[in-house]
Amino acid sequence: MTGAAGMVGRAVCECCRSSGDAVLAYDHADGVLKTLREGKPDVVINCAAWTDVDGCERDEERAFAANARGPENLANASRQLNAVFVTISTDYVFEGTKEGFYTEADQPNPLSVYGLSKLEGERLAQKVYPSTIVIRSGFIFGPGGSNFLSTIVVRARRGEKIKAISDAYGTPTYARDLALRLREFGQLNHSGIFHVTNAGGGVSYEQFAREAILIAGCASAQVEGVQSDSLKRAAPRPRNSRLRSLNSEAIGLSPLPEWRNSLSDFVREL
């Protein structure tokens with residue numbers, strides 16, 4: 001598995017090891033191809049990516065090296081090993097203008113370099129290895145995460161005033177639930193593109209923040225809703241990146257737990 005030092009990567013390592021799997025864990029996609037050939041894994045799960053959306057906008061070459069050529073190289077190595085290859089993509093492959101939820105049937109149209117590089121990673125991996133399993137997810141939170149969704153409760157307990165975007169919506173995904181589903185896909189070996197998020201519908205960053213603070217019992221914490229445009233960020237983001245999976249339903253996979261229940265688990269762990 002690559003990207004083992006990241007939030008999702010750590011969750012996948014814990015999930016697989018607790019299930020009795022032998023795990024070969026690497027921090028980056030680059031430099032592990034020779035080791036993969038030596039280790040001969042049955043399943044390769046790629047959690048490595050450059051997820052700094054604004055950083056990608058400023059450095060397109062690095063973004064495509066990490067998010068496009070990285071999955072391509074790993075897919076090629078997996079094909080040579082006849083290993084199952086699972087790679088994580090993003091809800092940011094969509095432009096965000098659709099009403100409702102994006103499914104696998106919707107045509108991607110990324111707004112940012114990050115989204116473009118991740119979409120290219122999907123396509124290159126599938127081109128060199130048609131058996132590739134692409135998992136799109138978004139609004140991911142979990143232990144050890146440094147993103148906004150993962151740090152809300154800690155910041156609230158510190159008494160910090162929290163600014164949260166009120167006009168951008170997604171479908172929350174708990175890293176540990178995602179890890180379980182990634183392992184499941186590795187066992188199923190069912191190629192294609194699949195959207196994976198928790199059940200419970202879509203939510204804005206502000207709504208998620210208020211729910212997390214409520215669950216954590218931080219009644220005195222202050223949350224201020226802000227508009228996306230007021231942040232003056234380098235990269236554009238989709239206003240609506242809510243995901244639903246038709247393909248997972250078609251192969252009989254049950255929905256993941258509702259995100260509020262998983263958020264409660266996360267808060268209790270903190």
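Please refer to the structure placed before this passage.
Here the structure is a predicted model, which is why all the values come from computation and not from measurement.

A.B. asks: An account of the overall build of the protein chain is requested, with residue identities and associated values reported.
C.D. replies: A count of helical and extended segments in the protein chain gives 10 helices and 12 strands. Since a compact globule built from 270 residues should have a radius of gyration of about 18 Å, the 18 Å found for the protein chain is in line with a globular shape. Across its three principal directions, the C-alpha atoms of the protein chain cover 55 × 40 × 35 Å. By the burial criterion, 52% of the 270 residues in the protein chain qualify as buried. Summarising the internal contacts of the protein chain: among those between residues at least 6 apart in sequence, 81% fall at separations of at least 24. For the protein chain, the exposed surface amounts to about 12,200 Å²; the carbon and sulfur share of it is 46%. Looking at the protein chain, you have 31 positive and 32 negative side-chain charges, and the mean spots of the two groups are 2 Å apart.

A.B. asks: Which residues make up the pairing of strand E3 (residues 133–137), and what are the values?
C.D. replies: Regular strands have side chains that alternate between both faces of the sheet. In terms of residue burial, E3 counts as a mostly covered element, since five of its five residues are buried. Along E3, one buried face is formed by Ile133, Ile135 and Ser137 and the opposite face, lined by Val134 and Arg136, is buried too. A crossover links strand E2 (residues 84–90) with its parallel partner E3, the connecting element being helix H5 (residues 113–128), and its sense is right-handed. Alignment of E3 against strand E8 (residues 192–195), held across four bridges, turns out to be parallel. Looking across to E8, one finds that Val134 is bridged to Ile193.

A.B. asks: How would you sum up the nonpolar core? Please name residues and give values.
C.D. replies: Core analysis: the largest hydrophobic core is formed by 37 residues, its most contacted members being Phe141, Leu149, Ile152, Tyr205, Phe208, Ile213 and Leu263. It is helix H8 (residues 205–216) that provides the largest number of residues to this core, a total of six residues. Once you skip the residues sitting within four places of it in the chain, Tyr205 turns out to touch Tyr92, Phe139, Phe148, Leu149, Ala164, Ile165 and Ala168.

A.B. asks: I'd like to hear about the packing of helix H4 (residues 60–81) against H5, residue by residue, with values.
C.D. replies: Running from N to C, H4 and H5 point in directions that differ by 20°, and their axes come no closer than 8 Å. As summarised for this structure, H4 and H5 are arranged roughly parallel, according to the angle between their axes. Taken as a pair, H4 and H5 cross one another with a handedness that is right-handed. Across the interface between the two elements, Glu60, Ala63, Phe64, Asn67, Ala68, Pro71, Glu72, Ala75, Asn76 and Arg79 from H4 touch Val113, Tyr114, Leu116, Ser117, Lys118, Glu120, Gly121, Leu124, Ala125 and Val128 from H5.

A.B. asks: Describe unusual backbone geometry, and please don't skip the residues or the numbers.
C.D. replies: Despite not being glycine, Asn189 shows a phi value in the positive range, around 55°. Tracing the sequence through the fold places Asn189 in the loop between helix H7 (175–188) and E8. Note on Asn189: relative accessible area 43%, which makes it partly exposed. The phi dihedral of Lys232 falls on the positive side, at around 55°, and the residue is not glycine.

A.B. asks: So what's going on with the pattern of salt bridges? Which residues, and what values?
C.D. replies: Summed over all chains, the structure comprises 16 salt bridges. We note a salt bridge from Asp229 to Arg239, for which the minimum N-O separation is 2.9 Å. Of this pair, Asp229 sits in the loop between strand E11 (223–226) and helix H9 (246–250) while Arg239 sits in the loop between E11 and H9, and the two are 10 residues apart along the sequence. A cluster of three or more residues bridged by salt bridges with shared partners is formed by Glu14, Arg176 and Glu269.

A.B. asks: Which residues make up the packing of helix H1 (residues 7–18) against H7, and what values do they have?
C.D. replies: Between H1 and H7, the least distance of the axes is 8 Å, while the angle of their chain directions is 60°. The angle between H1 and H7 falls in the class oblique. Along this stretch, H1 crosses H7, giving a crossing that reads as right-handed. Across from Met7, Val8, Ala11, Val12, Glu14, Cys15 and Cys16 in H1, the residues of H7 making contact are Ala175, Arg176, Leu178, Ala179, Leu180, Leu182 and Arg183.

A.B. asks: Residue-level account of the sheet that holds strand E1 (residues 43–46), with values.
C.D. replies: Strand order in this open sheet of four strands is E1-E2-E3-E8, and the pairing throughout is parallel. Of all the strands in the sheet, the pair left with one neighbour each is E1 and E8. The mean inter-strand angle of the sheet, taken between neighbouring strand axes irrespective of direction, is 20°. Against the sheet, H4 touches E1 and E2, its axis set at about 165° to E2. Taken strand by strand, H7 contacts E1, E2, E3 and E8, and its axis lies near 165° from that of E3.

A.B. asks: Go over H8 with me, naming the residues and quoting the values.
C.D. replies: Taking 1.5 Å of rise per residue, the 12 residues of H8 would be expected to cover 16 Å, and the 16 Å separating its terminal C-alpha atoms lies within 8% of that figure. Looking at H8, one finds that the buried residues are Tyr205, Glu206, Phe208, Ala209, Ala212, Ile213 and Ala216. Buried residues in H8, looked at end-on, bunch into an arc of 160°, giving them a common side. At its buried positions, H8 is contacted by strand E4 (140–141), helix H6 (148–157), strand E5 (162–165), strand E10 (203–204), E11 and helix H10 (259–269). Immediately beyond the C-terminal end of H8, within one or two residues, lies Gly217, with a positive phi of roughly 75°.

How each quantity is defined
- Residues numbered from 1 in each chain as written.
- Predicted model: local features only at pLDDT ≥ 70, side-chain atom pairs only at ≥ 80, totals over all residues.
- Heavy atoms only, no water.
- Helix = DSSP H or I, 4+ residues; strand = E, 2+ residues; numbered from the N terminus.
- Rg over C-alpha atoms; globule rule 2.2 N^0.38 Å.
- Buried < 20%, exposed > 50% of the residue type's maximum accessible area, 1.4 Å probe, protein only.
- Contact = heavy atoms within 4.5 Å.
- Areas by Shrake-Rupley, 256 points an atom, 1.4 Å probe, with all protein chains shown as cover.
- Lys, Arg positive; Asp, Glu negative; His and termini not counted.
- Charge placed at Lys NZ, Arg CZ, Asp CG, Glu CD.
- Right-handed = clockwise from strand over helix to strand, strands pointing away.
- Pairing = 2+ DSSP bridges.
- Core = buried A, V, L, I, M, F, W, Y, C linked by side-chain atoms within 4.5 Å.
- Axes fitted to C-alpha atoms, helices over the stretch in contact; angles between N-to-C directions.
- Parallel < 35°, antiparallel > 145°, perpendicular 65-115°, else oblique.
- Left-handed = near helix turned anticlockwise from the far one by under 90°.
- Salt bridge = Lys/Arg side-chain N within 4 Å of Asp/Glu carboxyl O.
- Expected span 1.5 Å × (residues − 1).
- Arc of directions from axis to C-beta.

As far as function goes, none of this settles anything; it's purely spatial.
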